[in-house]
Amino acid sequence: MKDINIKVYDKQTYETHDDTKETEFQGQLAFRNESVYITYKDDEMSVSTIIKTKNGIVSVKRQGALKGNLEFDTEKPHTTIYYTPYGEMEIQIITKKCEVYILEKGIKIYIEYKILMQGKLISDNIYMIVAN
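In this text the structure is predicted, and so the values were computed from the model without any measurement.

K.L.:
So what's going on with the layout of surface pockets? Which residues, and what values?
P.N.:
Computed from the structure, the largest pocket encloses a volume of approximately 850 Å³. Forming the walls of the largest pocket are 33 residues, and the residues nearest its centre are Asp-10, Gln-12, Arg-62, Leu-66 and Tyr-82. By residue class, the composition of the lining of the largest pocket is 21 nonpolar, 7 polar and 5 charged.

Okay, structure coming up:
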């Protein structure tokens, strides 16, 4: 594992408005076998995040104030329970684009996806991580 700077760009497009957030964290990056792992903690939100990439699939596991196991796979939708301070929500993720780029000193992950709840579109999303 090596210490890295992590930039996270997150955009949600709703029917009525957009929400965009850019944050930076200190974390760790590890290459193991055919997988890449990024770990970081958001102290402000009390959330730890583990991101794993393997064979074009990206998994994001969050623990703490927000809990969730998200999987981004362009081959199939992913249904999961997402835990928030306001309660549990069953959501479906439909990944349109999931690209992983190995950089000279790190990794870049770019994901476009939709979130649906009970079959209805909640938001279109872009999630990008640059770790180096």
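Here the narrative resumes.
K.L.:
Could you give an account of the packing of aromatic side chains, naming the residues involved and the relevant values?
P.N.:
By the definition in use, this model includes 3 aromatic pairs. Seen from their ring centres, Phe-25 and Tyr-40 are 4.5 Å apart, and the 20° between their planes marks the pair as stacked. You can see Phe-25 sitting in strand S2 (residues 18-32) and its partner Tyr-40 sitting in strand S3 (residues 35-42), a full 15 residues away along the chain. Overall, the relative accessible area of 12% leaves Phe-25 in the buried class. Among the residues examined, Tyr-40 registers a relative accessible area of 8% and is labelled buried. Ring pairing ties together the aromatic residues Phe-72, Tyr-113 and Tyr-127, which thus form one cluster. It is Arg-32 that lies over the ring of Tyr-37; its NZ or CZ is 5.2 Å from the centre.

K.L.:
Provide a residue-level description of the pattern of salt bridges, including the pertinent values.
P.N.:
Within this structure, the stated rule accounts for 3 salt bridges. Across the salt bridge formed by Asp-18 and Lys-11, the nearest N and O atoms sit 3.9 Å from each other. According to the relative accessible area criterion, Asp-18 is partly exposed, its value standing at 42%. Judged by its relative accessible area of 23%, Lys-11 falls in the partly exposed class. For the salt bridge of Lys-114 with Asp-124, the shortest nitrogen-to-oxygen distance reads 2.8 Å. Taken together, the residues Lys-114 in strand S9 (residues 107-117) and Asp-124 in strand S10 (residues 120-131) connect sequence positions 10 residues apart. Among the residues examined, Lys-114 registers a relative accessible area of 24% and is labelled partly exposed. Look at Asp-124 and you get partly exposed, because its relative accessible area is 22%. Connected via shared salt-bridge partners are Lys-96, Lys-114 and Asp-124.

What counts and what doesn't
Residues numbered from 1 in each chain as written. Predicted model: local features only at pLDDT ≥ 70, side-chain atom pairs only at ≥ 80, totals over all residues. Heavy atoms only, no water. 1 Å grid on protein atoms, 1.4 Å probe; cavity = no way out; pocket = protein on both sides within 12 Å on 5 of 7 lines; lining within 4 Å. Points joined across faces, edges and corners; volume = space filled by probe spheres on them. Nonpolar A, V, L, I, M, F, W, Y, C, P; charged D, E, K, R; others polar. Phe/Tyr/Trp six-rings, centres within 6.5 Å; stacked < 30°, edge-to-face > 60°. Helix = DSSP H or I, 4+ residues; strand = E, 2+ residues; numbered from the N terminus. Buried < 20%, exposed > 50% of the residue type's maximum accessible area, 1.4 Å probe, protein only. Lys NZ or Arg CZ within 6 Å of the ring centre and 35° of its normal. Salt bridge = Lys/Arg side-chain N within 4 Å of Asp/Glu carboxyl O.

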